[in-house]
Amino acid sequence: SREWQLIARPVGQPRPTDFRLLRAEVADPGPGQILVRNTWLSVDPYMRGRMDDVPSYIPPFQLNEPMTGSAVGVVTAVGDGAAVPVGAVVLHFAGWREYALLDASKVQVLDTTKVSAQAFLGVLGTTGLTAYVGLTEIAPVKEGDVVFISGAAGAVGSIAGQIAKKLGASRVIGSAGGPQKVKRLIEDYGFDAGIDYREGDLVGQLKREAPNGVDVYFDNVGGDHLDAALVSMNLFGRIALCGAISAYNESALPPGPPHLPLAIGKSLTLRGFTIGHHMKTAPEYIGKAVGWLAEGSLRADETVVEGIENALDAFFGLMSGANTGKMLVRLPES
Ligand code: NDP
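How each quantity is defined
- Residues numbered from 1 in each chain as written.
- Predicted model: local features only at pLDDT ≥ 70, side-chain atom pairs only at ≥ 80, totals over all residues.
- Helix = DSSP H or I, 4+ residues; strand = E, 2+ residues; numbered from the N terminus.
- Rg over C-alpha atoms; globule rule 2.2 N^0.38 Å.
- Buried ≥ 20, exposed ≤ 12 C-beta atoms within 10 Å, placed from the backbone.
- Contact = placed C-beta atoms within 7 Å.
- UniProt positions renumbered as here; feature names shortened; annotations may be inferred.
- Pairing = 2+ DSSP bridges.
- Axes fitted to C-alpha atoms, helices over the stretch in contact; angles between N-to-C directions.
- pLDDT = per-residue confidence, 0-100.
- Near = placed C-beta within 6 Å.
- Nonpolar A, V, L, I, M, F, W, Y, C, P; charged D, E, K, R; others polar.
- Domains from an automatic or database assignment.
- Core = buried A, V, L, I, M, F, W, Y, C linked by C-beta atoms within 7 Å.

K.L.:
Sorry, what's going on with the overall build of the protein chain here?
P.N.:
A count of helices and strands for the protein chain gives nine helices and 15 strands. The C-alpha radius of gyration of the protein chain comes to 20 Å, within 12% of the 20 Å expected for a compact globule of 334 residues. For the protein chain, the C-alpha atoms occupy an extent of roughly 65 × 45 × 35 Å along the three principal directions. Expressed as a percentage of its 334 residues, the buried residues of the protein chain come to 45%. Across the protein chain, contacts joining residues at least 24 apart in sequence account for 66% of those joining residues at least 6 apart.

This is the structure:
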């Protein structure tokens, strides 16, 4: 079995030499354990934060240890007393490797009769839930609101745009990198307008697309996106601080948004959130999302990279915009 390890903590942009792909022995499952052959690995921006040795809501990757992350796989062997059968499809946190030896009690058995296994890493996983919680609990969308979403062609953003519409937004504007992605925002995900942030002048572009201002901003990017949103926000507007990917590879903290004081006069609410604190909403969301997927009213795209050897490139690609929708690594059947 091959597994990825972090061997040096990156400063700024991670480099391939900060990682290694190693072969590891696969042990037989002991009592209560199962052996899982991973089939899909999730690739997520928060993994960049785990490469730094800093306190966070999730512990850093340990040097020279297998990296972790969400994954799904098939159980290939079970130890005595393990309550999960061979052949079960399970969700767990031992990603970045081909085989995982796990306590049966630590995995979630998935029902893949109606949806794909990998959907539980994206639209039916924390990705989709993040979009839903952000727009219902953190920065609730009300009927007729104008909603702006950054990182809009990504996993969370593309779902968020569609959910904003379902919640009654009158106009949903997304920003993404490049004209192709902006086109997809409108054609594939039902956004009313798109902004190509690589063109610059975010303030001007947002003013043009939201001439009556923005009521809800779902921030995946931070930095100049957050600042431009502050300029366009309407009175009593709400901002969900979901991510700040524009700064994840910075070695020093960027300056705060210069227009933050506008939040005072506009009586804005800016609220950060980490989805782990909102898992109680998962059953409600999953119930709705399964229905939306079945009726075809929610589109959840995936960008699939093949093979464990390419997992690191998938991560680099995620950070530079190679994905539309959810970034996944697929491991071959044998
Ligand atoms: P995405 O699928 O959105 O992938 C990341 C995308 O970010 C890339 O495709 C790229 O798209 C964009 N990007 C990269 N660098 C920049 C930059 N400098 N400026 C603007 N855009 C950039 O990932 P996710 O949907 O998984 O995550 C989206 C955000 O949500 C992240 O910030 C993540 O940390 C956050 N998140 C937060 C959670 C929480 O609990 N609060 C849970 C899950 C995710 P492009 O081509 O458009 O540049």
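K.L.:
Sorry, what's going on with the environment of Gly243 here?
P.N.:
By the secondary structure assignment, Gly243 is in the loop between strand 12 (233–241) and helix 7 (262–265). Residue class for Gly243 comes out buried when judged on the 24 C-beta atoms lying within 10 Å of it. Spatially, the C-alpha atom of Gly243 lies 28 Å from that of Leu331, the residues being 88 residues apart in sequence. Apart from the residues lying within four places of it in its own chain, the contact partners of Gly243 are Pro45, Gly151 and Asn220.

K.L.:
I keep staring at the UniProt feature "domain: Enoyl reductase (ER)" (unreviewed entry) in the protein chain and nothing clicks. Help me out?
P.N.:
Mapped onto the present numbering, the UniProt feature "domain: Enoyl reductase (ER)" (unreviewed entry) falls at residues 12–329. Between the end C-alpha atoms of residues 12–329 the distance is 24 Å, and the span holds 27% helix and 24% strand.

K.L.:
Can you walk me through the sheet that holds strand 9 (residues 171–176) in this structure?
P.N.:
In a beta sheet, neighbouring strands are held together by backbone hydrogen bonds and run either parallel or antiparallel to one another. As summarised here, the arrangement of the six strands in space is 10-9-8-11-12-13, forming an open sheet in which the pairing is parallel. Taken across any chain shown, the strands that pair with only one partner, and hence form the sheet edges, are strand 10 (193–196) and strand 13 (269–272). Strand-to-strand twist in this sheet, taken as the mean axis angle between neighbours without regard to direction, amounts to 15°. Two elements, strand 9 and strand 10, share four bridges in a ladder whose sense is parallel. In the sheet register, Ser175 faces strand 10, and the bridge partner there is Ile195. Across the sheet, helix 2 (residues 126–138) is in contact with strand 11 (214–219), strand 12 and strand 13; its angle to strand 11 comes to roughly 145°. Against the sheet, helix 6 (residues 223–232) makes contact with strand 8 (146–149), strand 9, strand 11 and strand 12, and its axis sits at roughly 170° relative to strand 11, the strand it touches most.

K.L.:
Help me out: how do you make sense of the confidence of the model for the protein chain in this one?
P.N.:
As a note on interpretation, predicted positions should not be read in detail where pLDDT is low. Across the protein chain, pLDDT averages 97, with 100% of residues at or above 70. For this predicted complex, the interface score ipTM comes out at 0.99, while the overall pTM is 0.98.

K.L.:
What is the right way to look at the site of the ligand in this model?
P.N.:
Lining the immediate surroundings of the ligand are 30 residues, of which Gly154, Ala155, Gly177, Gly243 and Gly321 lie closest. Contributions of two or more residues to the shell around the ligand are made by helix 2, helix 3 (155–166) and helix 9 (311–319). Looking at the shell around the ligand residue by residue, the class counts come to 15 nonpolar, 13 polar and two charged. Counting contributing residues, the shell around the ligand receives three or more from each of domain 1 (2–119 + 301–330) and domain 2 (126–277).

K.L.:
Help me understand the nonpolar core, please; the structure alone is not making it clear to me.
P.N.:
Across soluble globular proteins, you tend to see nonpolar side chains buried next to one another. Leu135, Val147 and Phe218 are the most contacted members of the largest nonpolar core, which has 96 residues in total. Once residues within four sequence positions are removed from consideration, Phe218 is found in contact with Gly134, Leu135, Ala139, Val147, Ile149, Ala160, Ala240 and Cys242.

K.L.:
Can you walk me through the domain arrangement of the protein chain in this structure?
P.N.:
Much of the literature gives interface size as the accessible area that the parts lose upon coming together. Entries for the protein chain in the domain assignment read domain 1 (2–119 + 301–330) and domain 2 (126–277). At the junction of the two partners, domain 1 supplies 15 residues and domain 2 supplies 16 residues. Going through the elements one at a time, helix 1 (46–50) and strand 15 (326–330) are the ones with two or more residues in the side of domain 1 that touches domain 2. Class assignment for the residues of the side of domain 1 that touches domain 2 results in five nonpolar, seven polar and three charged.

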